[in-house]
Amino acid sequence: MASPNNLQFQEFEEAAELLSADPGASTLSMSGSNTPSTTASAGEDVKLDLSEDEEGQQESSEVLDRVKGSVMPQPGRNFIKYYLRSNPDLYGPFWICVTLVFSVAISGNLSTFLVERGNPAFHYRPQFHRVTIAAVVIFMYAWLVPIGLWGFLTWRQGAERQIGGYSFLETVCVYGYSLFIYIPTSVLWIIPYDWLRWTLILIAMVISGSVLVLTFWPVVRDDTKVTAVATVVTIVVLHTLLAVGCKLYFFQTAASTPTALPTSSTLHNHTTLAVKTN
């Protein structure tokens, strides 16, 4: 039976041979004092990675819940208090606006192509300037309107704003998420039926406008009756102008083909033909 000393000597010889074969190889100490610390540090790394994954999954889940809440408004359920929970984000509103810009511009180009497809005088050209126009309009609405509304509410409510009102980020966040319903709506606007487009606009405006009204009415209802009603009406009107304006500019039902004016030669031919006939 081999003694422990012989076993240790053999292991040393094998390690020496391996090291001589590969001088640049790294060695690992297996002493008892280092093993627990190595295991503990690896465990800490695993826990850190798991916590980062959990945070990412939680953020994705919150964004998804907020998107669902923006397309399924319910009476008595305040979007900010129920979905944001004093934790507003700009990630969702930013990408919703970017997606809406491209969906409106691309769908508008496709709609124009489908409408003019049977016109022999029509030559299709991608209208890239529509992307710029859509970006300016949508981002101005998603930022300037919330800024104006937040400033107005802050001015009207004064110090009470800090207790029962909404912050600037919460106001921007709810406006951004309220635009999500227009992304699938703009895609469906490609279908060249005007009655269907106006029906989709009405449905989208009701859903999206309900999110805004249910969110901001509890804040303005304590003000004077005229001010409260005027504020809500302004919110709805601006929201309606955005939807109707996008439909009228990017999704024309039919192109207005100019009527050709009769030329002098055409008039001369018609006059000659009339004289011969008489």
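All figures in this text were calculated on a predicted structure; none of them were measured in a lab.

Rules used in this analysis
Residues numbered from 1 in each chain as written. Predicted model: local features only at pLDDT ≥ 70, side-chain atom pairs only at ≥ 80, totals over all residues. Heavy atoms only, no water. Core = buried A, V, L, I, M, F, W, Y, C linked by side-chain atoms within 4.5 Å. Buried < 20%, exposed > 50% of the residue type's maximum accessible area, 1.4 Å probe, protein only. Helix = DSSP H or I, 4+ residues; strand = E, 2+ residues; numbered from the N terminus. Patch = residues over 30% accessible without salt bridge, like charges linked within 9 Å, V, L, I, M, F, W, Y side chains within 5 Å. Areas by Shrake-Rupley, 256 points an atom, 1.4 Å probe, with all protein chains shown as cover. Salt bridge = Lys/Arg side-chain N within 4 Å of Asp/Glu carboxyl O. Phe/Tyr/Trp six-rings, centres within 6.5 Å; stacked < 30°, edge-to-face > 60°. Lys NZ or Arg CZ within 6 Å of the ring centre and 35° of its normal. Expected span 1.5 Å × (residues − 1). Bend = angle between axes of the 7 residues up to and from the residue. Axes fitted to C-alpha atoms, helices over the stretch in contact; angles between N-to-C directions. Parallel < 35°, antiparallel > 145°, perpendicular 65-115°, else oblique. Left-handed = near helix turned anticlockwise from the far one by under 90°. Contact = heavy atoms within 4.5 Å. pLDDT = per-residue confidence, 0-100. UniProt positions renumbered as here; feature names shortened; annotations may be inferred.

## Topic: the nonpolar core
If you look at the biggest cluster of nonpolar residues, it comprises 45 residues, and the most contacted ones within it are V174, Y175, L179, Y182 and F216. Mapped onto this core, the elements with two or more residues apiece are α3 (79-84), α4 (91-115), α5 (129-157), α7 (168-178), α8 (182-188), α9 (194-220) and α10 (225-250). Here this core gets 10 residues from one element, more than from any other, and that element is α9.

## What about a nonpolar patch on the surface?
Where nonpolar side chains cluster on the molecular surface, the patch consists of L90, V136, M140, W143, L144, I147 and L169 and spans about 600 Å² of accessible area. With respect to the element layout, V136 can be found in helix α5.

## Looking at the packing of aromatic side chains
Geometry of an aromatic ring pair is reported as the spacing of the ring centres plus the angle between the planes. Summed over all chains, the structure comprises 12 aromatic pairs. Plain terms: the ring middles of F79 and Y83 are 5.2 Å apart, the flat faces sit at 40 degrees to each other, and that makes the pair tilted. In this pair, F79 and Y83 both sit in helix α3, 4 residues apart, roughly one turn of the helix. Pairing Y166 with F216 gives two aromatic rings, centres 5.9 Å apart and planes at 70 degrees, and the pair type is edge-to-face. With Y166 in the loop between α6 (161-164) and α7 and F216 in helix α9, this residue pair connects regions lying 50 residues apart in the sequence. Clustering of aromatic rings is evident, with ring pairs tying together F79, Y82, Y83 and Y177. In this structure, R130 packs its charged tip against the face of Y249, placed 5.9 Å from the ring centre.

## Examining the pattern of salt bridges
Following the criterion strictly, the structure yields 3 salt bridges and no others. Two residues, R66 and E62, come together in a salt bridge whose shortest N-O distance is 3.8 Å. Residue R66 and its partner E62 are located together in helix α2 (residues 34-71), separated by 4 residues, close to a single helical turn. The class of R66 is buried, set by a relative accessible area of 2%. On the basis of relative accessibility, which here comes to 24%, the residue E62 falls in the partly exposed class. As a salt-bridge pair, R66 and D89 come within 2.3 Å of each other at their nearest N and O atoms. Of this pair, R66 sits in helix α2 while D89 is found in the loop between α3 and α4, placing the two residues 23 residues apart along the sequence. Here R66 matches D89 in class, with each residue buried. Where salt bridges share partners, they join E62, R66 and D89 into one cluster.

## With respect to α5
For an α-helix, the turn length of 3.6 residues means that residues three or four places apart are oriented alike. Along its 29 residues, α5 runs 42 Å from first to last C-alpha, staying within 8% of the 42 Å computed at 1.5 Å per residue. Remark: the principal bend of α5, roughly 30 degrees, maps to Y141. For α5, the complete set of buried residues consists of R130, A134, I138, Y141, A142, V145, P146, L149, L153 and Q157.

## Observations regarding the packing of α9 against α10
With their axes 9 Å apart at the nearest point, α9 and α10 run at an angle of 155 degrees to one another. It follows from the interaxial angle that α9 and α10 lie roughly antiparallel. With respect to the hand of their crossing, α9 and α10 are arranged in right-handed fashion. Across the interface between the two elements, D194, R197, W198, I201, M205, S208, G209, L212, V213, F216, W217 and V220 of α9 pack against A228, T231, V232, I235, V236, H239, T240, A243, V244, K247 and L248 of α10.

## Digging into the side chain of T185
When you line up the elements, T185 lands in helix α8. A relative accessible area of 6% means that T185 is categorised as buried. Residues contacting T185, with those up to four places away along its chain left out, are L200 and A204.

## Notes on the confidence of the model for the protein
Averaged over every residue, the pLDDT of the protein is 76; the share at 70 or more is 67%. Below a pLDDT of 50 lies the segment residues 29-50, which in the model reaches 2 contacts outside its immediate sequence neighbourhood of four places, other chains included. Note on residues 254-264: pLDDT is under 50 here. Beyond four places in sequence and across chains, it has 5 contacts.

## Some thoughts on the UniProt feature "transmembrane region" (unreviewed entry) in the protein
According to UniProt, the feature "transmembrane region" (unreviewed entry) maps to residues 90-111, 131-153, 165-183, 195-217 and 229-251 in the numbering used here. With 100% helix and 0% strand, residues 195-217 has its two end C-alpha atoms placed 32 Å apart. For the annotated span residues 229-251, helix accounts for 96% and strand for 0% of the residues, and the straight-line distance between the end C-alpha atoms is 32 Å.

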